[in-house]
Amino acid sequence: TQRTLIERSKWLRMANVALRFYSLEPLLEPISLLYLDGKRENPATCTVDLLRGLRFRPGYSDPAWDDQHQIGWCIIGGESGPRYRPMPLEHVGGLMDIVDTCRSFDIPVFTKQDAGPYPGKQGRIPDAYWTHEMPMVRGFAAKKEESVP
């Protein structure tokens with residue numbers, strides 16, 4: 001859920017690791033990586049950027065979180081298997097929004113699978129959003145694949 005993502009992001013940004021990443025699977029409800037804070041504050045005055053680890057408030061010069069803890073990779077997908085929970089079609093649009101957001105910040109994104117009885121493609125995710133991008137870690141980068149057969 002969005003709330004769980006925000007709560008766990010606070011812990012993730014404190015981890016002393018070479019790569020911070022989100023595994024947004026199974027995607028069963030809408031998730032936003034650029035989120036209007038759900039507290040009782042005015043949504044226009046508080047936003048959370050979960051990719052770069054920043055919290056902004058208009059009128060303040062410094063974000064509450066520092067950008068040394070940004071996310072370096074995002075894995076996204078549905079659930080598969082005989083008891084899979086379906087990813088509603090509107091969440092496929094949400095998946096595409098997450099891929100677009102990651103791309104706008106140059107964050108590699110790995111589209112793992114759609115929801116269905118078998119892993120992989122189910123025909124609902126457009127090819128342009130079916131990516132297997134890998135992050136660079138400590139100076140090494142894995143082969144970047146744009147699509148999967």
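First, a word on scope: everything that follows refers to the structure included in this document.

### What to know about the nonpolar core
Tyr 22, Leu 24, Leu 33 and Ile 98 are the most contacted members of the largest nonpolar core, which totals 23 residues. Elements with a contribution of two residues or more to this core: helix H1 (2-12), strand E1 (21-24), strand E5 (73-77) and helix H2 (89-104). At five residues, the largest contribution of residues to this core is made by H2. If we ignore the near neighbours within four places in the chain, the residues touching Leu 24 are Leu 5, Ile 31, Leu 33, Cys 74, Ile 75, Ile 76, Gly 77 and Ile 98.

### Some thoughts on H2
Over its 16 residues, H2 extends 23 Å from the first C-alpha to the last, a length consistent with the 22 Å expected when each residue adds 1.5 Å. Every buried residue of H2 is accounted for by His 91, Val 92, Gly 94, Leu 95, Ile 98, Val 99, Thr 101 and Cys 102. Two residues or fewer past H2, Asp 106 is found with a positive phi of approximately 55 degrees.

### Points about unusual backbone geometry
Note the cis peptide between Glu 25 and Pro 26, where omega equals -5 degrees. With respect to the element layout, Pro 26 can be found in the loop between E1 and strand E2 (34-36).

### Notes on the side chain of Ser 9
Within the element layout of this structure, Ser 9 appears in helix H1. Ignoring sequence-local partners within four residues, the contact set of Ser 9 consists of Tyr 22 and Leu 50.

### Considering the packing of aromatic side chains
One pass over the structure, following the stated rule, counts two aromatic pairs. Between Phe 21 and Trp 73, the aromatic rings sit 5.6 Å apart at their centres with planes inclined by 50 degrees, giving tilted as the arrangement. Of this pair, Phe 21 sits in strand E1 while Trp 73 sits in strand E5; the two residues are 52 residues apart in sequence, bridging distant segments of the chain. Judged by relative accessible area, Phe 21 falls into the partly exposed class, the value being 36%. Classification of Trp 73 as buried rests on a relative accessible area of 14%. Both rings, one in Trp 73 and one in Phe 110, keep their centres 6.3 Å apart while their planes meet at 80 degrees; by these two values the pair is edge-to-face.

### A word on the environment of Ala 115
Along the chain, the position of Ala 115 falls in the loop between strand E6 (109-113) and strand E7 (136-137). With a relative accessible area of 8%, Ala 115 lands in the buried category. Every residue in contact with Ala 115, bar those within four places of it in the chain, is listed here: Gly 78, Glu 79, Tyr 84, Arg 85, Pro 86, Met 87, Gln 122 and Arg 124.

### A closer look at the sheet that holds E6
Strand order in the open sheet formed by three strands is E1-E5-E6, and the pairing between neighbours is parallel. Two strands bound the open sheet, and with one partner strand each, they are E1 and E6. Taken over all neighbouring pairs, the strand axes of this sheet differ in orientation by 10 degrees on average, direction set aside. One ladder, built from four bridges, connects E5 with E6; its direction is parallel. Its bridge partner lying in E6, Gly 77 is registered against Gln 113. The sheet strands contacting H2 are E1, E5 and E6, and the helix crosses E5 at an angle near 165 degrees.

Quick notes on the rules
- Throughout, residues of each chain are indexed from 1 in the direction in which the sequence is written.
- In keeping with the model being predicted, local features are shown solely for residues with a pLDDT of at least 70 and side-chain atom pairs are shown and tallied solely at 80 or more, while totals for entire chains, interfaces and linings include all residues.
- Where side-chain values are given, they derive from all heavy atoms of the structure, hydrogens and water being excluded.
- To qualify as a nonpolar core, a set must consist of buried Ala, Val, Leu, Ile, Met, Phe, Trp, Tyr and Cys residues joined through side-chain atoms within 4.5 Å.
- Accessibility here uses a 1.4 Å probe with only protein chains present; expressed as a share of the type maximum, an area under 20% marks a residue as buried, one over 50% as exposed, and anything in between as partly exposed.
- Helical segments are the DSSP runs of H or I of at least four residues, strand segments are the runs of E of at least two, and each set is numbered from the N terminus.
- Any two residues whose heavy atoms approach within 4.5 Å at even a single point are treated as in contact.
- Given a helix with a known number of residues, its expected span is that number minus one, times 1.5 Å.
- Planes of paired rings set the category: under 30 degrees apart is stacked, over 60 is edge-to-face and the rest tilted, where pairs are Phe, Tyr or Trp rings (Trp by its six-membered ring) whose centres lie within 6.5 Å.
- Any two strands with at least two DSSP-identified bridges between them are counted as paired.
- Every axis corresponds to a line fitted to the C-alpha atoms, with the helix fit spanning only the stretch in contact, and the corresponding angles, defined between N-to-C directions, vary from 0 to 180 degrees.

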